[in-house]
Amino acid sequence: MNDNENIKNENMNQEEVQEETVETVENAEEQTVNAEEGAEEAAPEPEKTEVEILQEKLDEQMRQTAAMQDKYLRLMAEFDNYRKRTIAEKAELIKNAGAKVITEILPVLDDFERALKNMEKAEDVTSVREGVDLIYQKFLKTLGQQGLAPIVTDGADFNTDFHEAIALVPAPVAELKGKVLDCVQTGYTLNEKVIRHAKVAVAQ
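Residues numbered from 1 in each chain as written. Predicted model: local features only at pLDDT ≥ 70, side-chain atom pairs only at ≥ 80, totals over all residues. Heavy atoms only, no water.

1. What about the overall build of the chain?
Right, on to step 1. When helices and strands are tallied, the chain shows 3 helices and 6 strands.
Right, on to step 2. The proportion of buried residues among the 204 residues of the chain is 9%.
Right, on to step 3. Within the chain, contacts between residues separated by at least 24 positions form 60% of all contacts whose residues are at least 6 apart in sequence.
Right, on to step 4. For the chain, the accessible surface area stands at approximately 17,300 Å², while carbon and sulfur atoms represent 55% of it. (Helix = DSSP H or I, 4+ residues; strand = E, 2+ residues; numbered from the N terminus. Buried < 20%, exposed > 50% of the residue type's maximum accessible area, 1.4 Å probe, protein only. Contact = heavy atoms within 4.5 Å. Areas by Shrake-Rupley, 256 points an atom, 1.4 Å probe, with all protein chains shown as cover.)

2. What to know about the sheet that holds strand 5 (residues 193-196)
Right, on to step 1. What the 3 strands build is an open sheet, ordered 1-4-5; its pairing is antiparallel. With one partner strand each, in any of the chains shown, strand 1 (148-150) and strand 5 form the two edges of the open sheet. Each adjacent strand pair in this sheet contributes to an overall mean axis angle of 35 degrees, direction not counted.
Right, on to step 2. Across 3 bridges, the pairing between strand 1 and strand 4 (residues 188-190) is antiparallel. Within strand 4, the position partnered with alanine 149 by the bridge is threonine 189. (Pairing = 2+ DSSP bridges. Axes fitted to C-alpha atoms, helices over the stretch in contact; angles between N-to-C directions.)

3. A short note on the sheet that holds strand 3 (residues 180-185)
Right, on to step 1. A sheet is described by the order of its strands in space; here 3 strands give the open sequence 2-6-3, paired in mixed fashion. Looking at which strands have only one partner, the edges of the open sheet turn out to be strand 2 (163-169) and strand 3. Direction aside, the axes of adjacent strands within the sheet are offset by 30 degrees on average.
Right, on to step 2. As defined by bridge partners, strand 3 adjoins strand 6 (residues 198-203) across 4 bridges and the pair is classed as antiparallel. By the bridge assignment for strand 6, glutamine 185 is matched with lysine 199.

4. Points about a nonpolar patch on the surface
Right, on to step 1. A contiguous nonpolar surface patch, about 320 Å² in accessible area, is contributed by Phe112, Leu116, Met119 and Val132.
Right, on to step 2. Broken down by element, the residue count for the nonpolar patch peaks at 3 residues, all from helix 2 (residues 50-121).
Right, on to step 3. Looking at where leucine 116 falls in the secondary structure, it is placed in helix 2. (Patch = residues over 30% accessible without salt bridge, like charges linked within 9 Å, V, L, I, M, F, W, Y side chains within 5 Å. Salt bridge = Lys/Arg side-chain N within 4 Å of Asp/Glu carboxyl O.)

5. Side note on unusual backbone geometry
Right, on to step 1. Phi at asparagine 191 takes a positive value of approximately 55 degrees, unusual for a residue other than glycine.
Right, on to step 2. Relative to the helices and strands, asparagine 191 resides in the loop between strand 4 and strand 5.
Right, on to step 3. Accessibility expressed as a relative area gives 58% for asparagine 191, which makes it exposed.
Right, on to step 4. The backbone phi angle of glutamate 192 is positive, close to 70 degrees, even though this residue is not glycine.
Right, on to step 5. Taking relative accessible area as the criterion, glutamate 192 reaches 79% and is therefore assigned exposed.

6. What about a negative patch on the surface?
Right, on to step 1. Side chains of Glu123, Asp124, Glu130 and Asp133 sit close together on the surface and give a patch of like negative charge.
Right, on to step 2. Along the chain, glutamate 123 falls in the loop between helix 2 and helix 3 (125-145).
Right, on to step 3. We classify glutamate 123 as exposed; its relative accessible area is 79%. (Lys, Arg positive; Asp, Glu negative; His and termini not counted. Charge placed at Lys NZ, Arg CZ, Asp CG, Glu CD.)

7. Quick look at the pattern of salt bridges
Right, on to step 1. Enumeration according to the criterion identifies 7 salt bridges in this entry.
Right, on to step 2. For the salt bridge of arginine 74 with aspartate 70, the shortest nitrogen-to-oxygen distance reads 2.9 Å. In this pair, arginine 74 and aspartate 70 both sit in helix 2, 4 residues apart, roughly one turn of the helix.
Right, on to step 3. In this structure, arginine 114 engages aspartate 111 in a salt bridge whose closest nitrogen and oxygen atoms are separated by 2.3 Å. Remark: aspartate 111 and arginine 114 occur in helix 2; sequence separation between them is 3 residues, near one turn of the helix.

Printed below as a string of structure tokens:
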């Protein structure tokens, strides 16, 4: 009876030893796997070579250059459209400005037409002259509203900015030297800018 119990106890001890051995092996394997995974996670990335670093810099510069070139082309296209639009607007402005001046002159043209018809049956030359003078004054007023002004020459000092000397005449008195004696053709300014010099005779 004692021998059987001893055999049974020995078998049980062997099974426990085997289970502990298996468990120890499994734990060892698990620790090995964990250690390998930890080693993989902790392993540093391989350092980039100088060629790879230079290639990355080159790629970045090429991307920046392409972006800048695209921006430049867009700006050039926008500027070209702006230039064309500005030229068209300027041409339209000049065209409309001319139309405005002509519209202002049309009433004066109507007066001339009526004056010509009246001249055919008019007997009084004085009244005809007065009518033409009224039309002339109206015409000057209309042009004056557009910025046109005659250059004053009577008794004025000769000034090359406004006058063009076409004749030199001996001064009748010393005080008149260098002054305008006669105006052969009236000069005009438009918005204070000379558009035609007055042709004058100057005393010397």
